[in-house]
2 protein chains.
Amino acid sequence: MLSQTAEYALRAVLYLAERADDGTVRVGEMAQALRIPHNYLSKILHRLARAGVLASTRGKAGGFQLAVPADRLRLYEIVALFDRIDERRRCLLGRPQCSDSTACAAHSRWKQVADTVASFFRETSVADLLRGAEVSV
Amino acid sequence: MLSQTAEYALRAVLYLAERADDGTVRVGEMAQALRIPHNYLSKILHRLARAGVLASTRGKAGGFQLAVPADRLRLYEIVALFDRIDERRRCLLGRPQCSDSTACAAHSRWKQVADTVASFFRETSVADLLRGAEVSV
DNA sequence: TGTCTTTATCATGATAATATGATAAATTGA
DNA sequence: TCAATTTATCATATTATCATGATAAAGACA
């Protein structure tokens, strides 16, 4: 559903959100804890930082931390950096033009499904997921 | 959402379903009409035929046709040959073990979304899509 | 039989996603 | 200043997806 890269990004952000006030976290720690290749994760975190989702500091005691409160950070802001979420919302049959007025065979039925997926990413916050975890555990 | 290959397969089956009683259709015609690379489509159709979705005949007047009535052919049977639909239904965070009892942070919320997607493919038939087209055009 | 048309299959290439390894740049603190 | 630690970045390898080109095998029919 998500690319490997987007999934890694989401897991990394979630990891940071869980230990929100512990200061910065090193790539090495996260890579080990989440079992994500170190340099690969490094680039993902860097990209999240450039997008303003994370803040990074170099040198000793450096690392990454959330730059946005978890309750104001939507999954969309994380995932859309790596996957074309809006594209998949479009035509199931890949038509360049497909809308309510120029519908493909699947349009009306698919639209409802695609909107459900899109709403999930747009409306769910990182904090929502943390709460989800508490409830389920 | 779907891989290019699965999307091609779906479009090809839909094309055949639209002209259900016209006998067999050649790869060349479909490739041209659907703008899919000829040899690539050829392999996709062959795979659909091996799976029993299509029937193929060689030689002059050969080609492909549906092997199953459109109203008994679910999109899942087509798409699952090329994409791992069930896998994506699973954990958003990629956990090998993630269920109601061993839930990841996203589980309860994601489950509803994933079930919506899975139900679409499992319950929608090719005939449903053809009807959808009629209504919208 | 022999030729034409078609699917079936093999071999290869192109591109993007995923990942690894090495080095540069910044920061801290002795 | 200098060494240690960390992110930032570059170069390259690996793998899967998407696609092309050529040939083999099967069937129809004059």
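Structure first, text after, so check above.
What counts as what
Residues numbered from 1 in each chain as written. Chains lettered and ligands numbered in written order. Predicted model: local features only at pLDDT ≥ 70, side-chain atom pairs only at ≥ 80, totals over all residues. Heavy atoms only, no water. Near = heavy atom within 4 Å. Polar contact = N/O pair within 3.5 Å; in protein donor to acceptor, adjacent residues only side chain to side chain. Nonpolar A, V, L, I, M, F, W, Y, C, P; charged D, E, K, R; others polar. Phe/Tyr/Trp six-rings, centres within 6.5 Å; stacked < 30°, edge-to-face > 60°. Lys NZ or Arg CZ within 6 Å of the ring centre and 35° of its normal. Helix = DSSP H or I, 4+ residues; strand = E, 2+ residues; numbered from the N terminus. Contact = heavy atoms within 4.5 Å. Salt bridge = Lys/Arg side-chain N within 4 Å of Asp/Glu carboxyl O. Axes fitted to C-alpha atoms, helices over the stretch in contact; angles between N-to-C directions. Left-handed = near helix turned anticlockwise from the far one by under 90°. Buried < 20%, exposed > 50% of the residue type's maximum accessible area, 1.4 Å probe, protein only. Arc of directions from axis to C-beta. Least-squares fit on C-alpha atoms with pLDDT ≥ 70 in both.

Peer 1: I'd like a rundown of the protein's contact with DNA strand D, residues and numbers included.
Peer 2: Close to DNA strand D lie 24 residues; H46 and S56 of chain A together with T5, P37 and N39 of chain B are nearest. R26 of chain A is positioned with one of its side-chain polar atoms (N or O) 3.5 Å from a phosphate oxygen of DNA strand D. T5 of chain B has a polar side-chain atom sitting 2.8 Å from a phosphate oxygen of DNA strand D. Residues that form the surface near DNA strand D fall into these classes: 6 nonpolar, 11 polar and 7 charged.

Peer 1: I'd like a rundown of the protein's contact with DNA strand C, residues and numbers included.
Peer 2: Surveying the vicinity of DNA strand C reveals 24 residues, the closest of which are T5, P37 and N39 of chain A together with H46 and S56 of chain B. Close to the protein, within 4 Å, the atoms of DNA strand C belong to sugar or phosphate groups at a rate of 74%. Within the contact set of DNA strand C, a phosphate oxygen lies 3.2 Å away from a side-chain nitrogen or oxygen of Y8 of chain A. Interatomic distance of 3.4 Å between a backbone N/O atom of G59 of chain B and a sugar or linking oxygen of DNA strand C. Partitioned by chemical class, the residues of the surface near DNA strand C number 6 nonpolar, 11 polar and 7 charged.

Peer 1: Tell me about the packing of aromatic side chains, residues and numbers included.
Peer 2: The final tally for this structure, using the stated rule, is 8 aromatic pairs over all chains. For the ring pair F120 of chain B and F121 of chain B, a centre distance of 5.1 Å and an interplane angle of 80 degrees mean the geometry is edge-to-face. Directly above the ring of Y76 of chain A sits R122 of chain A, whose terminal nitrogen or CZ lies 4.2 Å from the centroid.

Peer 1: Could you give me a rundown of the side chain of D128 of chain A, with the residues and numbers involved?
Peer 2: Residue position: D128 of chain A is located in helix α7 (residues 126-136). Of the polar contacts made by the side chain of D128 of chain A, one reaches the backbone nitrogen of S125 of chain A; its length is 2.9 Å.

Peer 1: Which residues make up the interface of chain A and chain B, and what values go with them?
Peer 2: Where interface size is quoted, it is often the accessible area lost as the parts come together. Each partner contributes to the interface: chain A provides 27 residues, whereas chain B provides 27 residues. Where chain A touches chain B, the interface holds 2 salt bridges. A salt bridge links R109 of chain B to D128 of chain A, with the nearest nitrogen and oxygen atoms 3.9 Å apart. The interface formed by chain A and chain B holds 0 residue pairs in polar contact (both at pLDDT 80 or more) in total. For the side of chain A that touches chain B, the elements supplying multiple residues, two or more each, are α1 (4-18), α6 (107-123) and α7 of chain A. Sorting elements by how many residues they give to the side of chain A that touches chain B places α6 of chain A first, with 7 residues.

Peer 1: Please set out the packing of helix α2 (residues 27-34) of chain A against helix α3 (residues 38-50) of chain A residue by residue, giving values where relevant.
Peer 2: Residues and elements named next belong to chain A. With their axes 9 Å apart at the nearest point, α2 and α3 run at an angle of 115 degrees to one another. Classified by chirality, the crossing of α3 by α2 is right-handed. Residue-level inspection shows V27, G28, M30 and A31 of α2 in contact with α3, the latter providing H38, L41, S42 and L45. Class assignment of the residues belonging to the contact of α2 with α3 gives a composition of 5 nonpolar, 3 polar and no charged.

Peer 1: Describe the environment of H107 of chain B, listing the residues and the values that go with them.
Peer 2: All names here are of chain B. You can see H107 is positioned in helix α6 (residues 107-123). Apart from the residues lying within four places of it in its own chain, the contact partners of H107 are C98, S99 and D100. A polar atom in the side chain of H107 sits 3.5 Å from the backbone oxygen of S99. Within polar-contact distance, the side chain of H107 engages the side chain of D100 at 2.8 Å.

Peer 1: Lay out unusual backbone geometry in plain terms, naming residues and giving numbers.
Peer 2: Within the chain, A61 of chain A stands out as a residue other than glycine whose phi angle is a positive 65 degrees. Residue position: A61 of chain A is located in the loop between β1 (54-57) and β2 (63-66).

Peer 1: Give a detailed account of α2 of chain A, specifying residues and quantitative values.
Peer 2: Helical geometry note: an α-helix holds 3.6 residues per turn, so side chains three or four residues apart project in the same direction. All names here are of chain A. Taken together, the buried positions of α2 are occupied by V27, M30, A31 and L34. All buried residues of α2 project into a common sector of 100 degrees when viewed along the axis, lining one side. Buried positions along α2 lie against α1, α3 and β2. With its phi angle positive at about 55 degrees, R35 sits one or two positions after the end of α2.

Peer 1: Any chance you could break down the relation of the copies chain A and chain B for me, citing the residues and the numbers?
Peer 2: In screw terms, the move from chain A to chain B is a rotation of 180 degrees and a rise of 0.0 Å along the axis, fitting with an RMSD of 0.1 Å. Taken together, the turn and the small shift mark the pair as related by a two-fold rotation axis. Both copies contact each other with a shared surface, as 100% of the interface residues of chain A are interface residues in chain B too.

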